Amino acid sequence: MSKTMKRTLVVLASLALAPAALAQTRVGSPIRGTVTNTTYYSSGSFHGAVDLTDSGVCNAQPVRAPFPGYWNVILRTTGVYCNGNGSGNQNEARHAFADGWTFALWHFIKTADSYSRTCTNDCILGNLGGTGSVSSPLVHMQQTKSGTYDTSWYAGYTTKGEFLDAGETVGYL
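One pass over the structure, following the stated rule, counts 2 disulfides. Cys 119 shares a disulfide with Cys 123; S-S distance 2.1 Å. Cys 119 sits in the buried class, given a relative accessible area of 2%. A relative accessible area of 7% places Cys 123 in the buried class. Numbered in order of appearance, the disulfide-bonded cysteines of the protein are paired 1-2, 3-4.

Have a look at this one:
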């Protein structure tokens with residue numbers, strides 16, 4: 001095969017792969033609220049996630065899946081908790097990607113919508129709450145793989161103190 005033919009095939013193959021490499025998952029805000037924490041807490045300790053709150057209004061706003069896909073809902077509480085109920089007791093919704101990364105939402109209150117399922121558009125996972133180790137109602141969003149936190153998905157898209165409407169872009173996975 002000629003050198004020119006090989007180069008042509010390499011270029012064509014790379015073009016075929018380009019859309020897959022550029023494909024990203026947009027993460028929309030699961031609630032209408034203000035970003036209270038990102039990579040670091042105000043104390044300076046590592047956080048590695050995005051926290052959103054609605055000025056402390058508990059159980060009044062639905063928490064929506066931030067993107068379509070299968071969400072595994074793990075319920076550790078059944079009551080209405082607004083100001084924490086102990087570390088490890090947070091309700092959680094997880095989406096697992098084929099490459100091993102997991103995206104999770106924490107702290108919502110269980111509702112009739114809180115069950116594992118595939119979400120398409122406007123899928124509600126629960127209501128804004130404060131389950132787990134928190135001092136007020138919030139939604140915690142994080143991406144991890146084997147104990148490693150990924151903060152690049154929201155870097156450059158979302159900042160602490162920013163107000164987001166429900167569905168507004170938080171970042172890209």
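Here the focus is the nonpolar core. One finds Val 50, Trp 71, Phe 103, Leu 105, Leu 125, Met 141 and Trp 153 to be the most contacted residues of the largest nonpolar core, which totals 24 residues. Discounting chain neighbours no more than four positions away, the residues touching Val 50 are Val 35, Asn 37, Thr 38, Val 139, His 140, Met 141, Trp 153, Tyr 154 and Val 170.

Inspection of the sheet shows strand β2 (residues 33–37) paired to strand β12 (residues 163–164) by 2 bridges, in the antiparallel sense. Paired with Thr 34 across the strands is Phe 163, a residue of β12. Sheet topology places β2 next to strand β3 (residues 50–53); 3 bridges connect them, and they run antiparallel. Along β3, the bridge assignment pairs Thr 34 with Thr 53.

Reading the values: the criteria
Residues numbered from 1 in each chain as written. Predicted model: local features only at pLDDT ≥ 70, side-chain atom pairs only at ≥ 80, totals over all residues. Heavy atoms only, no water. Disulfide = S-S within 2.5 Å. Buried < 20%, exposed > 50% of the residue type's maximum accessible area, 1.4 Å probe, protein only. Core = buried A, V, L, I, M, F, W, Y, C linked by side-chain atoms within 4.5 Å. Contact = heavy atoms within 4.5 Å. Pairing = 2+ DSSP bridges. Helix = DSSP H or I, 4+ residues; strand = E, 2+ residues; numbered from the N terminus.

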